[in-house]
Amino acid sequence: MKLDAKDRQILDILKENSRLSVQEIGLRVNLTNNPCWRRIKRLEESGTIKKYTVEIDPTALGLGTVAFVSLKLERHEASWLQQLSAAVDEMPEIIECHRMAGEVDYLLKVLVRDLRHYDEVYQQLISKVPGLADVSSTFSMEELKSLSH
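Quick summary incoming for the structure in this document.

Thresholds, definitions, all that
Residues numbered from 1 in each chain as written. Predicted model: local features only at pLDDT ≥ 70, side-chain atom pairs only at ≥ 80, totals over all residues. Heavy atoms only, no water. Axes fitted to C-alpha atoms, helices over the stretch in contact; angles between N-to-C directions. Helix = DSSP H or I, 4+ residues; strand = E, 2+ residues; numbered from the N terminus. Parallel < 35°, antiparallel > 145°, perpendicular 65-115°, else oblique. Contact = heavy atoms within 4.5 Å. Nonpolar A, V, L, I, M, F, W, Y, C, P; charged D, E, K, R; others polar. Pairing = 2+ DSSP bridges. Core = buried A, V, L, I, M, F, W, Y, C linked by side-chain atoms within 4.5 Å. Buried < 20%, exposed > 50% of the residue type's maximum accessible area, 1.4 Å probe, protein only. Phe/Tyr/Trp six-rings, centres within 6.5 Å; stacked < 30°, edge-to-face > 60°. Salt bridge = Lys/Arg side-chain N within 4 Å of Asp/Glu carboxyl O.

1. Things to note about the packing of helix H2 (residues 22-29) against helix H3 (residues 33-45)
So, step 1. Look at H2 against H3: their axes get within 9 Å of each other, and the N-to-C directions meet at 100°. Taken together, H2 and H3 sit at an angle that is classed as roughly perpendicular. Residue-level inspection shows Val-22, Gln-23, Ile-25 and Gly-26 of H2 in contact with H3, the latter providing Asn-33, Cys-36, Trp-37 and Ile-40.
So, step 2. Per-class residue counts for the contact of H2 with H3 are five nonpolar, three polar and no charged.

2. Brief notes about the sheet that holds strand S4 (residues 132-139)
The pairing of strands in a sheet happens through backbone hydrogen bonds and is either parallel or antiparallel.
So, step 1. Overall, antiparallel pairing links the four strands, which are arranged S2-S3-S1-S4 in an open sheet. Single-partner strands in this sheet number two, and they are strand S2 (94-99) and S4. When strand polarity is set aside, the average angle formed by the axes of neighbouring strands in this sheet is 20°.
So, step 2. Relative to S4, strand S1 (residues 65-73) runs antiparallel, the two sharing seven bridges.

3. Notes on the pairing of S2
So, step 1. Taken together, the five bridges between S2 and strand S3 (residues 106-112) define a ladder with antiparallel strand orientation. Paired with Cys-97 across the strands is Leu-108, a residue of S3.
So, step 2. Connecting S2 to the next strand, S3, in antiparallel fashion are six residues, including Gly-102 with a positive phi near 115°.

4. Here we look at the nonpolar core
Note that soluble globular proteins tend to have their nonpolar side chains buried in a common cluster.
So, step 1. Counting residues in each nonpolar core, the largest one holds 20 residues, and the members touching the most others are Val-69, Leu-71, Leu-108 and Val-110.
So, step 2. Broken down by secondary-structure element, the contributors of at least two residues to this core are S1, helix H4 (78-90), S3, helix H5 (115-128) and S4.

5. Considering the packing of aromatic side chains
So, step 1. Taken as a whole, this structure holds three aromatic pairs when the rule is applied.
So, step 2. Note on Trp-80 and Tyr-106: the rings are 5.4 Å apart at their centroids and 40° apart in plane angle, and the pair reads as tilted. One end of the pair, Trp-80, is in helix H4; the other, Tyr-106, is in strand S3, with 26 residues separating them in the sequence.
So, step 3. Judged by its relative accessible area of 5%, Trp-80 is buried.

6. With respect to the pattern of salt bridges
So, step 1. For the structure shown, the criterion picks out seven salt bridges.
So, step 2. In this structure, Asp-4 engages Arg-39 in a salt bridge whose closest nitrogen and oxygen atoms are separated by 2.9 Å. One end of the pair, Asp-4, is in the segment before helix H1 (5-16); the other, Arg-39, is in helix H3, with 35 residues separating them in the sequence.
So, step 3. Salt-bridge contacts for Glu-44 lead to Lys-41; the nearest nitrogen and oxygen are separated by 3.4 Å. With Glu-44 and Lys-41 both in helix H3, this residue pair falls three residues apart, about one helical turn.
So, step 4. Of the residues examined, Lys-41 reaches a relative accessible area of 31% and is grouped as partly exposed.
So, step 5. One continuous salt-bridge network, built from bridges that share partners, spans Asp-4, Asp-7, Arg-39 and Arg-42.

Here it is, written out as structure tokens:
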């Protein structure tokens, strides 16, 4: 789908606050209600807008430590991927999982309370997912930019 400047403005506004009314969004992008509503519907129907959600501050939940965990595999097998997928789905601390190109096979983003909590997650992960050749972790000192900012 080709996006024009108005579509991008609408997306930026919705990214900041998806609870705004069509009227409020239209005022900000200089459109009346119906054309603004039609654009939003088109963005939804095309899959450009996948869903509306709430962003929760992890520190408010006591999850102030972000770890990025790199996984390297001993072997690449479909059954292993099923085990990883099941483990990721069962572990709420793992909030993202990406298959990578390059030296690392998978990259996980993990939210935990502290290093002790991370160690519990790490132990759980390696017990659920055999066949890992290497598990390396780095910890975020500060988030400078994210999709929601």
